Amino acid sequence: MPGESLRAFIHALPKAELHVHLVGSAGVDTVLALARRHPEAGVPADRAELEQFFEFRDFDHFLKVYWAVQSMLKDRRDIRALVIGLAAELARQNVRYAEVTVTPYNHLLDGMPGDELLTGLVEGRAVARAEHNVELAWCFDIPGEKGVRAGRETAVFALRERPDGLVGFGLGGPEIGVGRAQFEPFFTAAREAGLHSVPHAGETSGPATIWSAVHDLGAERIGHGTSCTADPALLAWLAEHRIPVEVCPTSNVRTRQVPSIAAHPVRRMLDHGLVVTLNTDDPPMFGATLEGEYLAVATSLGLRAAEVARLAKNAVAASFLEDAAKAAMAAEIDQVVASGTGAEA
Ligand code: ADE
Ligand code: ZN
């Protein structure tokens, strides 16, 4: 498919994003404005310097930068601004629905009152819907490096506050030395309350972490899952049980987990029949967009239009949207394919 028609086709597809962190979605201009107000955070207020600041040596370095940006968020206005900025960017790319990961424990530790966080989310979500026609849902996740205390507090906060649109319960941060199983009681409580289990696993560690996510945490989707291709039995199991993987190719390159998009295991995941979804993770920090992820994977793998549309449909099917909304989006994807946008493919 020639470049321009592939781009137009990808744009025309109504898209769902299932793996994007609120802090990591802060636009460059927003981060620059925050950095001017909070010089103590050590985040550059100069555009070129910020670009360099967003060059990551490895995953741990990325997390330190992420935490520095997070520390500048102080109140409901900051949260609201992030949510609305994310929605505007999603609308620009014809992304209609996103499940956004929020880490309440970290914001509370940084001194933001819980009410401020929740009000910012509620207000931002309303503006996203009214002004950008983007539907947002939330996933509250545990910062794994902070241990079982963070797990307990995150579950308590999520189940007590239960804001509209909260659909998922997750686990992020580093994986090495942070076993998934220790968080089992908190995932059990969240699942019993009707939240979906969506932990990160296999982003920075091996397939054993993914096995633990499914067995100990009841994972319904896997955040990243990059290392699943190292274990043929796991690949077969994920395919058989139709557990979707939230693949974030550019993120994995930028945190140096894989050398390039071409070398990304997404090809093998597709070859083994996994339900692959494409996502951005922390888009401005990685210089990523959802359209860009589709374009990069389609180009690198030489996908045909129908295969690209399948990726978009996978995300809709793997989302926690209601069935009617899923059916409407899937039908619209079919219409885009039938209309011949990018017909040269
Ligand atoms: N928090 C923000 N981005 C993350 C990622 N890619 N993995 C784990 N935790 C994160
Ligand atoms: Zn993530």
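Since this is a predicted model, take the numbers as computed values, not measurements.

Quick look at the overall build of the chain
Point 1. Within the chain, the secondary structure is distributed over 17 helices and nine strands.
Point 2. In terms of C-alpha radius of gyration, the chain reaches 19 Å, essentially the compact-globule figure of 20 Å for 345 residues.
Point 3. Each of the 345 residues in the chain was classed as buried or not, and the buried ones make up 51%.
Point 4. Here the analysis covers contacts within the chain between residues at least 6 apart in sequence; of these, 74% occur between residues at least 24 apart.

Considering the packing of helix 8 (residues 147-161) against helix 9 (residues 184-192)
Point 1. One way to put it is that helix 8 packs onto helix 9 with a least axis distance of 9 Å and a crossing angle of 10°. For the element pair helix 8 / helix 9, the angle class is roughly parallel. For the pair helix 8 and helix 9, contact is made by Gly-151, Arg-152, Thr-154, Ala-155, Ala-158 and Leu-159 and by Phe-186, Ala-189 and Ala-190, respectively.
Point 2. When its residues are assigned to classes, the contact of helix 8 with helix 9 shows six nonpolar, two polar and one charged.

Looking at the pairing of strand 4 (residues 166-172)
Point 1. Buried residues dominate strand 4, accounting for six of its seven residues.
Point 2. When strand 3 (residues 135-143) meets strand 4, the two strands line up parallel, connected through six bridges. If you follow Asp-141 over to strand 4, its bridge partner there is Gly-170.
Point 3. Chirality of the crossover, the property in question, places the unit of strand 3, helix 8 and strand 4 among those that are right-handed.
Point 4. Here strand 4 runs beside strand 5 (residues 196-197); their pairing, made up of two bridges, is parallel. The residue bridging Phe-169 from the neighbouring strand is Ser-197, located in strand 5.
Point 5. Taking the sense of rotation as the criterion, the β-α-β connection linking strand 4, helix 9 and strand 5 turns out right-handed.

Some words on the UniProt feature "domain: Adenosine deaminase" (unreviewed entry) in the chain
Point 1. The sites that carry the UniProt feature "domain: Adenosine deaminase" (unreviewed entry) are, in the present numbering, residues 14-335.
Point 2. Split by type, residues 14-335 is 53% helix and 14% strand. Its first and last C-alpha atoms lie 10 Å apart.

Quick look at helix 1 (residues 3-12)
Point 1. Turning to helix 1, its buried residues number three or more, namely Leu-6, Phe-9 and Ile-10. Taken around the axis of helix 1, the buried residues stretch over an arc of 95°, which confines them to a single face.
Point 2. Against helix 15 (290-301) and helix 16 (305-318) lie the buried residues of helix 1.

Re the site of ligand 1
Point 1. All residues adjacent to ligand 1 are His-21, Gly-24, Tyr-66, Gly-172, Gly-173, His-200, Glu-203, Ser-251, Asp-281 and Asp-282.
Point 2. Split into classes, the residues belonging to the shell around ligand 1 amount to one nonpolar, six polar and three charged.

A word on the sheet that holds strand 8 (residues 245-247)
Point 1. Reading across from one edge, 6-7-8-9 is the order of the four strands in this open sheet, with parallel pairing throughout. Here the strands that pair on one side only, and so sit at the sheet edges, are strand 6 (200-201) and strand 9 (276-278).
Point 2. Bridge count between strand 8 and strand 9: three bridges; the pairing is parallel. Note on strand 9: the bridge partner recorded for Glu-246 is Thr-277.

Overview of the nonpolar core
Point 1. Judged by nonpolar contacts, the single largest core of 98 residues is most densely connected at Val-83, Val-100 and Val-308.
Point 2. In terms of residue count, helix 16 provides more of this core than any other element does, eight residues in total.
Point 3. Here Val-308 is in contact with Phe-9, Ile-10, Tyr-294, Ala-298 and Leu-303, once residues within four sequence places are set aside.

Looking at unusual backbone geometry
Point 1. Non-glycine residue Asn-94 carries a positive phi angle of around 60°.
Point 2. Secondary-structure assignment places Asn-94 in the loop between helix 5 (76-92) and strand 2 (95-102).
Point 3. On the basis of neighbour count, Asn-94 is assigned to the partly exposed category, with 16 C-beta atoms found within 10 Å.
Point 4. Notably, Arg-256 is not glycine yet its phi reads approximately 65°, a positive angle.

Observations regarding the packing of helix 5 against helix 7 (residues 114-132)
Helix-helix packing is described using two parameters, namely the angle between the two axes and the distance between the axes.
Point 1. It is at 7 Å that the axes of helix 5 and helix 7 come closest, and there the two elements cross at 30°. Overall, the two elements helix 5 and helix 7 adopt an arrangement that is roughly parallel. Helix 5 and helix 7 meet at a crossing whose hand is right-handed. Residues Arg-76, Asp-78, Ile-79, Arg-80, Val-83, Ile-84, Ala-87, Ala-88 and Ala-91 of helix 5 pack against Glu-116, Leu-117, Thr-119, Gly-120, Leu-121, Glu-123, Gly-124, Arg-125, Val-127, Ala-128 and His-132 of helix 7.
Point 2. Split into classes, the residues belonging to the contact of helix 5 with helix 7 amount to ten nonpolar, four polar and six charged.

Reading the values: rules and limits
Residues numbered from 1 in each chain as written. Chains lettered and ligands numbered in written order. Predicted model: local features only at pLDDT ≥ 70, side-chain atom pairs only at ≥ 80, totals over all residues. Helix = DSSP H or I, 4+ residues; strand = E, 2+ residues; numbered from the N terminus. Rg over C-alpha atoms; globule rule 2.2 N^0.38 Å. Buried ≥ 20, exposed ≤ 12 C-beta atoms within 10 Å, placed from the backbone. Contact = placed C-beta atoms within 7 Å. Axes fitted to C-alpha atoms, helices over the stretch in contact; angles between N-to-C directions. Parallel < 35°, antiparallel > 145°, perpendicular 65-115°, else oblique. Nonpolar A, V, L, I, M, F, W, Y, C, P; charged D, E, K, R; others polar. Pairing = 2+ DSSP bridges. Right-handed = clockwise from strand over helix to strand, strands pointing away. UniProt positions renumbered as here; feature names shortened; annotations may be inferred. Arc of directions from axis to C-beta. Near = placed C-beta within 6 Å. Core = buried A, V, L, I, M, F, W, Y, C linked by C-beta atoms within 7 Å. Left-handed = near helix turned anticlockwise from the far one by under 90°.

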